[in-house]
Structure formats: C-alpha cells, structure tokens
Amino acid sequence: MTSIKGTRRKGVALHAVLLVGLLLSAFPFYWAVIMSTHTSSEIFTYPPNLLPGSHFLENLRGLFGAVDFFGSMGNSLLVAGSVTFLVLLFDSLAAFVFAKFDFPGKRVLFALLMLIFMVPAQLAAIPQFVIMAKLGWIGSMTSLIVPAAANAFGIFWMRQYMTGAIHDELLDASRIDGAHFLRQYWHVALPVVRPGLAFLGIFTFMGQWNDYAWPLIALTNPDNVTLQVALSQLNGTHGTTDYGMVMTGALLALIPLLLVFAIGARQIIGDLAKGAIK
C-alpha cells in the first residue's frame, strides 16, 4: 500500500511539473494573441492587460494595407516547400550512400562534410551573392532555393539515423531479389527512416520560413520578398512602429509553422509507435 501511495505521489508531482512546463511554453503564444488585439499604447500599459482587446480587425486591416501579406506568404511557402523537398531528397540520398556503401575516399569526403557543417552560414553570404549575381539569379526565388537544396546538417543527421535504423540484412535481401540502388533507396531505406525525414523536414521548413538575412540580401525585386522581409517593413522609424499590427502579422505567420509541426510530429509519433509494436 505504501509503495502504491508513493507511486501515485510521484505521478502527481510529475504531472504537476509537466503542467507548469506546458503553461510556460504556451504563454508566449498566448501573449502574442493578446498583443495582436490591442493598440501600441495599450500594449505598453502597466500593469499589462492579459485579456483580449477589441482592435484585432483594425490591426488586420492595417497589416493588409501596409504590406502584400498573402503575396509574401506565398513566396515563403514556395521557397520553404521547395527547399524542404529538395533537402529531403538530396540529403537522404547522400546519407544512404555514406551510411550503407563503401567507396574510395568515403572518410575524406565525410570529414570535409563535417568541416562544412562547422562553418557559419554568414561567412558564405558574400561569395554566394557573387555566384548568384554571375548566374543572373539575384532578385529571383532561384537564389534562395538552389543554394539551400542540400546541407551538411541534413546529410549528417540522416547518415547517423540510417546507420542504426537500416539493417544490412534488409539490403542483402533486396540485392538477392535483384533490387538496384534506387529501388533499395525507395523501397527499403525510406520506409524505415520516415521519422528521421519528418524531423529533418520540420527543421528545414522552419529554418527557411524564418530566414531573414539571405532573402533580404538576395531578393532585390520587391515583388518577390518573403514574409519575414515583408514583416520587417512594418517597423517604423523614430518610435512610430505599430506593435499591435506587427504582432498580428507575426501571429498569422505562425500558422503554417504550427501546421507543418503538427503533421510532422504525428508522422514521427505514428512511425515510432508502429516500430514499438513490431
């Protein structure tokens, strides 16, 4: 009886800690919603108002009048979606080769990959801009999509995941059945590593969606700006920023991220549960 009571107390304490963590994590989202319903003067009142206001529609109209919100959101969706698809394709192919095949220079290439992984992306901005300018891609979406089509982190992550998830016996059996490389990749590797791909997809989409510095440099055409660059135009000068309107834009920009996270997280949990049952 004593052990049962102790177990219940531990369970209650654990749930209490998790509830506190949930509230702390959810509060920034709640505060963003609250600020999007107030004017700037109401946001900076003290003590802060923790209840919704009545200016959300006004802030929404101001947002749509100040920037081409849906046009820039469409640009961000195009860039983030294209880059995510290409990263999942190219990084998983490269990782499959690194994880399950031997070839001359494999260790040297992987060491170079790790060196690239450790180089800050900001150092590549100037040479990348020069290359894009020589190709005539500055100002177009191509300058955002092509340079980000593969990255060292994705290859490293998928290589580590595939090393433990894909058993050599599966590949040997597929070779006996006459499967070539692409068939092994498509029918053997991908079904096993879907949780890893889901994480990489979420990570890549969020990174591209929130990217600000490179789109600001490369997109010289104002019709092609991404959402983050468009939202930065709402920041006024000399203290004239309408923070209610800014927070309304930031809140709407969160919706695609939440949808992608919900879809990807469900994929991760579902595949892990299937593996546990098997």
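Here, the structure is the one placed above.
So, here's what we can say about the structure. (Residues numbered from 1 in each chain as written. Predicted model: local features only at pLDDT ≥ 70, side-chain atom pairs only at ≥ 80, totals over all residues. Heavy atoms only, no water.)

### Notes on the overall build of the protein chain
Test applied: Secondary structure is summarised from DSSP: a helix means a run of H or I of at least four residues, a strand means a run of E of at least two, and numbering begins at the N terminus for each. The quantity called the radius of gyration is restricted to C-alpha atoms. Its globule counterpart is 2.2 Å times the number of residues to the power 0.38. For the exposure calls, accessible area comes from a 1.4 Å probe over protein chains only, and a residue counts as buried if that area is under 20% of its type's maximum, exposed if over 50%, partly exposed in between. Residue contacts are counted whenever heavy atoms from the two residues lie within 4.5 Å of one another.
Broken down by element type, the protein chain carries 14 helices and 0 strands. The C-alpha radius of gyration computed for the protein chain amounts to 24 Å, which surpasses the reference 19 Å derived for 278 residues by more than 25%, pointing to a less compact arrangement than a globule. Classification of the 278 residues of the protein chain by burial places 35% in the buried group. Contacts in the protein chain between residues far apart in sequence, at least 24 positions, make up 75% of those at least 6 positions apart.

### Details of the side chain of T248
Note the following rule: Each polar contact in these results corresponds to two N or O atoms within 3.5 Å; when the atoms are within protein, one needs to be able to donate a hydrogen and the other to accept it, and residues that are neighboring in sequence are counted only if both atoms are side-chain atoms.
Secondary-structure assignment places T248 in helix α14 (residues 243–277). Since its relative accessible area comes to 0%, T248 is described here as buried. A distance of 2.8 Å separates a polar side-chain atom of T248 from the backbone oxygen of G244.

### Let's talk about the nonpolar core
Cut-off, in case you're wondering: Nonpolar cores were defined as sets of buried Ala, Val, Leu, Ile, Met, Phe, Trp, Tyr and Cys residues, with membership established by side-chain atoms within 4.5 Å.
F96, M158, M162, I166 and V193 are the most contacted members of the largest nonpolar core, which totals 25 residues. Only α4 (69–100), α7 (142–145), α8 (152–165), α10 (181–192), α11 (194–210) and α12 (213–218) provide two or more residues apiece to this core. The element best represented in this core is α4, accounting for 6 residues. Excluding residues within four positions of it along the chain, V193 makes contact with M158, Y161, M162, A165 and I166. Counting residues in each nonpolar core, the second largest holds 16 residues, with A80, L234, M245 and A253 among its members.

### Remarks on the pattern of salt bridges
Let me state the cut-off plainly: Take a side-chain nitrogen of Lys or Arg and a carboxyl oxygen of Asp or Glu: if they are within 4 Å of each other, that pair is a salt bridge.
The full count for this structure, using the stated rule, is 3 salt bridges. D168 is paired through a salt bridge with K100; the nearest N and O atoms lie 3.2 Å apart. Separated by 68 residues along the polypeptide, D168 in helix α9 (residues 168–176) and K100 in helix α4 bring together distant segments of the chain. Residue R175 pairs with D172 through a salt bridge whose shortest N-O separation is 2.9 Å. With a gap of 3 residues between them, R175 and D172 both fall in helix α9, about one helical turn apart. Taking relative accessible area as the criterion, R175 reaches 37% and is therefore assigned partly exposed.

### Details of the packing of aromatic side chains
Describing an aromatic ring pair means giving the distance of the ring centres and the angle of the ring planes. Threshold: Paired rings are identified among Phe, Tyr and Trp, the last through its six-membered ring, by centres lying within 6.5 Å, and are further divided according to the angle between planes into stacked (under 30 degrees), edge-to-face (over 60) and tilted (the rest).
In this structure the tally under the stated criterion is 20 aromatic pairs. Between W157 and F199, the ring centres sit 4.8 Å apart and the planes meet at 55°, which makes this aromatic pair tilted. Placement of W157 in helix α8 and of F199 in helix α11 is noted, with a sequence separation of 42 residues between them. Given the relative accessible area of 34%, F199 is considered partly exposed. Three or more aromatic residues joined by ring pairs make a cluster, and in this case those are F98, F103, F110, F117, F153, F156, W157, Y161, F199 and F203.

### A look at the environment of L227
By the secondary structure assignment, L227 is in helix α13 (residues 227–232). In sequence terms L227 and D68 are 159 residues apart; their C-alpha atoms lie 8.9 Å from each other. The contacts of L227, once residues within four sequence positions are left out, are F69, S72, M73, S76, W209 and A253.

### Concerning the packing of α10 against α11
The condition that has to hold: Axis lines are fitted to C-alpha atoms, over the contacting stretch for helices. Their N-to-C directions set the angle, which ranges from 0 to 180 degrees. Each angle is binned into one of four classes, with values under 35 degrees roughly parallel, values over 145 roughly antiparallel, values of 65 to 115 roughly perpendicular, and all other values oblique. Gly is placed with the polar residues, together with every amino acid not listed as nonpolar (Ala, Val, Leu, Ile, Met, Phe, Trp, Tyr, Cys and Pro) or charged (Asp, Glu, Lys and Arg).
One can describe the packing of α10 onto α11 by two numbers: an axis separation of 5 Å at closest approach and a directional angle of 70°. Accordingly, the angle class assigned to the pair α10 and α11 is roughly perpendicular. Contacts between α10 and α11 involve L190, P191 and V192 from the former and R194, P195 and L197 from the latter. Residue composition of the contact of α10 with α11, by class: 5 nonpolar, no polar and 1 charged.

### Focus: a nonpolar patch on the surface
Worth spelling out the cut-off: Nonpolar side chains (Val, Leu, Ile, Met, Phe, Trp, Tyr) within 5 Å and like charges within 9 Å form the patches, drawn only from residues with over 30% relative accessible area and no salt bridge. The accessible surface values rely on the Shrake-Rupley method and a 1.4 Å probe; as for residues, cover is taken only from the protein chains in view.
Taken together, the side chains of V108, L109, L112, L115, F117 and M118 make up a nonpolar region of the molecular surface, amounting to roughly 590 Å² of accessible area. Turning to its location among the elements, F117 is positioned in helix α5 (residues 106–118).

### Things to note about the environment of V87
Tracing the backbone through its elements, the reader meets V87 in helix α4. Separated by 117 residues in the primary sequence, V87 and T204 have C-alpha atoms spaced 7.7 Å apart. Leave out the neighbours within four places in its chain, and V87 touches S92, A148, A149, A150, N151, L200 and T204.

### Points about the side chain of T84
Along the chain, T84 falls in helix α4. Residue classification places T84 among the buried positions, given a relative accessible area of 10%. Of note is the side chain of T84, whose polar atom sits 2.6 Å from the backbone oxygen of A80. Here T84 is in contact with G201, T204 and F205, once residues within four sequence places are set aside.

What is shown is where atoms sit, not what they do.
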